[in-house]
Amino acid sequence: MHYSLGGYTPEDIEFVAAFDIDKRKVGRPLSEAIFSEPNCTKAISIKLEDFPVIVLMGNVLDGVSAHMEDYPENRRFIVARKKPCDVVNVLKRSGADMLLNYLPVGSEKASAFYAEACLKTGVSLVNCIPVFIASNKDWAKRFEKKNIPVIGDDIKSQIGATIIHRMLTKLFEDRGVKFDNTYQLNVGGNTDFLNMLNRHRLKSKKISKTEAVQSQLHVPLRNEHIHIGPSDYIPWLKDNKICFLRMEGRGFGNIPINLEMRLSVEDSPNSAGVVIDALRCCKIARDRKVGGALISPSAYFMKHPPVQFPDEKARDMVEDFIKGKIER
Ligand SMILES: NC(=O)c1ccc[n+]([C@@H]2O[C@H](COP(=O)([O-])OP(=O)(O)OC[C@H]3O[C@@H](n4cnc5c(N)ncnc54)[C@H](O)[C@@H]3O)[C@@H](O)[C@H]2O)c1
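The rules we used
- Residues numbered from 1 in each chain as written.
- Predicted model: local features only at pLDDT ≥ 70, side-chain atom pairs only at ≥ 80, totals over all residues.
- Heavy atoms only, no water.
- Pairing = 2+ DSSP bridges.
- Helix = DSSP H or I, 4+ residues; strand = E, 2+ residues; numbered from the N terminus.
- Axes fitted to C-alpha atoms, helices over the stretch in contact; angles between N-to-C directions.
- Contact = heavy atoms within 4.5 Å.
- Buried < 20%, exposed > 50% of the residue type's maximum accessible area, 1.4 Å probe, protein only.
- Arc of directions from axis to C-beta.
- Patch = residues over 30% accessible without salt bridge, like charges linked within 9 Å, V, L, I, M, F, W, Y side chains within 5 Å.
- Areas by Shrake-Rupley, 256 points an atom, 1.4 Å probe, with all protein chains shown as cover.
- Salt bridge = Lys/Arg side-chain N within 4 Å of Asp/Glu carboxyl O.
- Core = buried A, V, L, I, M, F, W, Y, C linked by side-chain atoms within 4.5 Å.
- Near = heavy atom within 4 Å.
- Polar contact = N/O pair within 3.5 Å; in protein donor to acceptor, adjacent residues only side chain to side chain.
- Nonpolar A, V, L, I, M, F, W, Y, C, P; charged D, E, K, R; others polar.

Got a sec to walk through the sheet that holds strand β8 (residues 240–250)? Specific residues and values, please.
Taken together, four strands build an open sheet; the order of strands is β7-β6-β8-β9 and the sheet is mixed. Each having just a single partner strand, β7 (226–233) and β9 (256–266) make up the two edges of the open sheet. Strand-to-strand twist across the sheet, computed as the mean angle between neighbouring axes with direction ignored, equals 10°. Inspection of the sheet shows β8 paired to β9 by eleven bridges, in the antiparallel sense. The residue of β9 that forms the bridge with G249 is I257. Contacts between helix α5 (residues 161–174) and the sheet are confined to β6 (178–188), β7, β8 and β9, with β8 contributing the most and set at about 10° to the helix. Across the sheet, helix α7 (residues 203–214) lies against β6, β7 and β8, angled at about 135° from β7, the strand it touches most.

Could you give an account of unusual backbone geometry, with specific residues and numbers?
Omega for the bond connecting E37 with P38 falls within 30 degrees of zero, at 5°, which places this linkage in the cis form. Along the polypeptide, P38 turns up in the loop between α1 (30–33) and β2 (55–57). Geometrically, the link from G152 to D153 is a cis peptide bond, its omega value of 0° lying close to zero. By the element assignment, D153 lies in the loop between β5 (149–152) and α5. With a phi angle near 65°, N254 is a residue other than glycine that sits in the positive phi range. By the secondary structure assignment, N254 is in the loop between β8 and β9. Phi at K289 takes a positive value of approximately 60°, unusual for a residue other than glycine. Position of K289 among the secondary structure elements: in the loop between α8 (267–287) and β10 (292–293). Judged by relative accessible area, K289 falls into the exposed class, the value being 64%.

Before we move on, can you summarise helix α2 (residues 87–94) with the specific residues and values?
Looking at α2, one finds that the buried residues are V87, V88, V90 and L91. Down the axis, α2 shows its buried residues gathered within 165° of arc, on one side only. Exposed and oriented more than 90 degrees from the buried face of α2 are K92 and R93. Contacts from the buried residues of α2 go to β1 (18–20), β2, β3 (98–101) and α3 (108–121).

Account for a nonpolar patch on the surface, naming residues and giving values.
Residues I34, F35, I46 and L48 make up a contiguous nonpolar surface patch of roughly 370 Å² in combined accessible area. For I46, the location among the structural elements is in the loop between α1 and β2. For I46, a relative accessible area of 72% puts it in the exposed group.

With reference to specific residues and values, describe the nonpolar core.
Of all hydrophobic cores here, the largest spans 24 residues; its most connected members are F19, L91, L99, L125, I133 and F143. Secondary-structure elements contributing two or more residues to this core are α2, α3 and α4 (137–145). L5, I151, V275 and L279 belong to the second-largest nonpolar core, a separate cluster that totals 23 residues.

Can you break down the environment of K25 residue by residue, with the values?
Looking at the element boundaries, K25 is found in the loop between β1 and α1. Overall, the relative accessible area of 10% leaves K25 in the buried class. A sequence separation of 54 residues divides K25 from V79, and the C-alpha atoms of the two residues are 9.9 Å apart. Not counting chain neighbours up to four residues away, the residues in contact with K25 comprise D20, A33, S36, E37, P38, N39 and V55.

Before we move on, could you go through the site of the ligand and cite the residues and values that matter?
Around the ligand, 28 residues are found, and the nearest of them are D20, N59, L103, T191 and D267. Here an oxygen atom of the ligand and a side-chain polar atom of T191 are 2.6 Å apart. One of the side-chain nitrogen or oxygen atoms of K205 is found 3.0 Å away from an oxygen atom of the ligand. In isolation the ligand exposes 840 Å². Once the protein is present, 92% of that is buried. The element best represented in the shell around the ligand is α8, accounting for three residues. When grouped by side-chain class, the residues that make up the shell around the ligand number 14 nonpolar, six polar and eight charged.

Which residues make up the pattern of salt bridges, and what values do they have?
Enumeration over the complete set of coordinates arrives at 19 salt bridges. For D154, the salt bridge goes to K303, with nearest N and O atoms at 3.6 Å. On the criterion of sequence distance, the pair formed by D154 in the loop between β5 and α5 and K303 in the loop between α9 (295–301) and α10 (311–323) is long-range, its members being 149 residues apart. Accessibility assignment for this pair places D154 and K303 in one class, buried. Linking K283 and D287 is a salt bridge whose minimum nitrogen-to-oxygen distance equals 3.6 Å. Placement of the pair is K283 and D287 together in helix α8, with a separation of four residues, close to one helical turn. When its relative accessible area of 19% is taken as the criterion, K283 is described as buried.

Okay, here's the thing in structure tokens:
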């Protein structure tokens with residue numbers, strides 16, 4: 001969305017450390033690990049400069065769901081039999097400004113572990129997953145006390161199901177349509193969708209995606225009238241995510257209006273295009289010595305921010321934040 005953001009371009013983003021738990025990634029240079037199985041996205045560029053970074057063993061905790069064992073090795077995680085590295089020490093030595101959290105949905109303990117490491121080292125957190133940290137008062141307070149910027153939670157893709165569902169919901173509301181029912185069904189074939197077959201891990205993902213839409217309505221829909229969530233795993237789709245969206249309402253004279261939409265996107269680059277902006281907002285907050293949850297960037301870039309705003313308003317707030325007109 002911005003080539004230059006506060007004077008920083010995407011080329012200024014430098015990888016200084018990486019953590020994973022998969023045996024096909026740990027111990028390998030980051031530039032090779034990116035292409036290792038079970039990764040299955042379309043490559044943006046196959047010739048990467050040789051980052052001087054080796055992927056280190058993280059702390060597994062609740063990062064890996066047991067049901068994955070039932071699937072072929074090339075489609076699932078395989079935990080490396082290695083001792084976890086000292087994440088705090090690595091972060092300190094690497095000189096990292098921020099840590100990106102892209103753990104699997106449901107990694108509550110593992111996310112808390114990496115967030116604690118940020119608090120211990122002064123490293124900022126950009127939390128791309130639906131575990132509530134920036135939007136959790138206690139966590140946000142701890143980051144604020146230490147004056148460490150944090151952006152979260154659960155990244156909104158460049159053009160994804162959430163941003164479209166929010167826009168259409170707002171359109172129905174602004175045009176005076178009585179909104180009755182909606183669903184958003186999502187399918188895909190990457191490890192994110194495989195992981196989400198375990199329904200126990202889905203609680204906060206459903207909250208995050210549903211609140212992102214409900215927040216656009218003056219009177220939210222009753223629970224039984226809104227269904228949003230990951231719906232199935234279709235291996236051959238790989239990183240292609242397909243969203244089926246339906247909205248039912250009534251216009252003038254109580255006459256029905258129905259809308260159906262199908263969106264097809266490559267899932268991973270779709271969020272990468274947003275996270276490069278989030279990272280640079282975090283960096284300018286650090287330059288300005290501003291800490292705590294960054295309200296404006298979180299509202300624009302994340303599905304479950306500390307405070308929800310309509311996207312148009314959040315976009316203006318981000319521009320004002322970049323210009324230094326608003327602090328957070
Ligand atoms: N479009 C998007 O890509 C998008 C959008 C919104 C949210 N997210 C969220 O981002 C997260 C990651 O999505 P993804 O598609 O990149 O998933 P992924 O399965 O490709 O990546 C998860 C990675 O985490 C590693 N891992 C598991 N446990 C770990 C641990 N304890 N320590 C370190 N590494 C560990 C896995 O080996 C894997 O490499 C999910 O929570 C997803 O909901 C992604």
